[in-house]
Amino acid sequence: TIAEKFSEFTHALTFEVIPKPVIEKTKDLVLDTLGVCIASSKMDFGQAALSLVANWGGLPESSLIGSKKRVPAQNAAFANGVLGHGQDYDDTHTESVVHPSACLVPVALAVGEQKGSSGKEILTALIAGLEVMIGIGMPALNRFHLRGFHTTSICGTFASALATAKLMGMDKEKMVECLGISGSFTSGLLECIPSGSSAKRLHAGWAGLCGIVATQLADRGYTGPKTVFEGKLGVYNSFLRSESLDLDVITKGLGKDWETLN
């Protein structure tokens, strides 16, 4: 299945096999995202997200950007994802129509901090997430958006789960469960755009939080469908029913043609 192919890719990926241009580009994406997050932390919407998450309490695992506070990893990923996406200055992969870094950089940093991961481990997990997130969006092109769903929020949940699983050292079988569970968390309606509301700012952070929680659930024995993407009631048939899609493009060139460079 597609989930199994993504899991095999993520589990096998090591820092040493990633081309240097991909590593350097990803470092730029991290710096860019952090810069946007820092700026957003001084704005009303950013302060509201940081204040809310700080009030949730919990274990001091991961840093809130622009704050001295540390909170549970999934909560940090949520708040920092809101900061990264809230100004619409986050990066874009045009063909798949996703904003990957605003979602995945906060996840990789939060979970990496929680687990005491090295910089190489964090970059490897982040790159795996970037490639997967873009891949999920590729067959749909802009059609998720045309149906009223935010591609970043849908694809980001799955990618966040795999990046988290990579940093947690999960095996391939558990990674598949993480993806299956993530299907129950996909969301992100775009009515917020014509209405002019601020809810869109939540989408990247919410995907990050949900991906981490999906992985935590898999770690505790929950299971998900292996056919979460291509199944009769999976992602593509549920969100894009009756659309003609080339699902082969999802994993074509995975680990060889690095979409992170695009």
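You'll find the structure just up there.
Not measured: the values here are computed from a predicted model.

Section: the packing of aromatic side chains
What the rule picks out here adds up to eight aromatic pairs. Centre to centre, the rings of Phe-6 and Phe-229 are 5.7 Å apart; their planes meet at 80°, and the pair counts as edge-to-face. Of this pair, Phe-6 sits in helix α1 (residues 2-12) while Phe-229 sits in the loop between α11 (203-219) and α12 (235-239), placing them 223 residues apart in sequence. On the basis of relative accessibility, which here comes to 0%, the residue Phe-6 falls in the buried class. Look at Phe-78 and Trp-206: their rings are 6.3 Å apart centre to centre, the planes differ by 85°, and that puts the pair in the edge-to-face class. Of this pair, Phe-78 sits in helix α4 (residues 73-85) while Trp-206 sits in helix α11, and the two are 128 residues apart along the sequence. Taking the relative accessible area as the measure of exposure, Phe-78 reaches 8% and is therefore buried. The ring of Phe-45 has Arg-201 lying over it, and the distance from NZ or CZ to the ring centre is 4.2 Å.

Parameters and conventions
- In this numbering scheme, every chain counts its residues from 1 along its sequence in written order.
- Per-residue local features of the predicted model are confined to residues with pLDDT of at least 70, and side-chain atom pairs are confined, for both listing and counting, to 80 or more; whole-chain, interface and lining totals are unaffected and use all residues.
- Hydrogens and water are ignored here; the side-chain numbers use all heavy atoms of the structure.
- Stacked, edge-to-face and tilted are the three classes for Phe, Tyr and Trp ring pairs, Trp counted by its six-membered ring, which pair at centre distances within 6.5 Å; planes under 30 degrees apart are stacked, over 60 edge-to-face, the rest tilted.
- Helix numbers and strand numbers start at the N terminus; a helix is a DSSP run of H or I with at least 4 residues, a strand a run of E with at least 2.
- Accessibility here uses a 1.4 Å probe with only protein chains present; expressed as a share of the type maximum, an area under 20% marks a residue as buried, one over 50% as exposed, and anything in between as partly exposed.
- Ring-over charges, as used throughout, are those where CZ of Arg or NZ of Lys falls within 6 Å of the ring centre and within 35 degrees of the ring normal.

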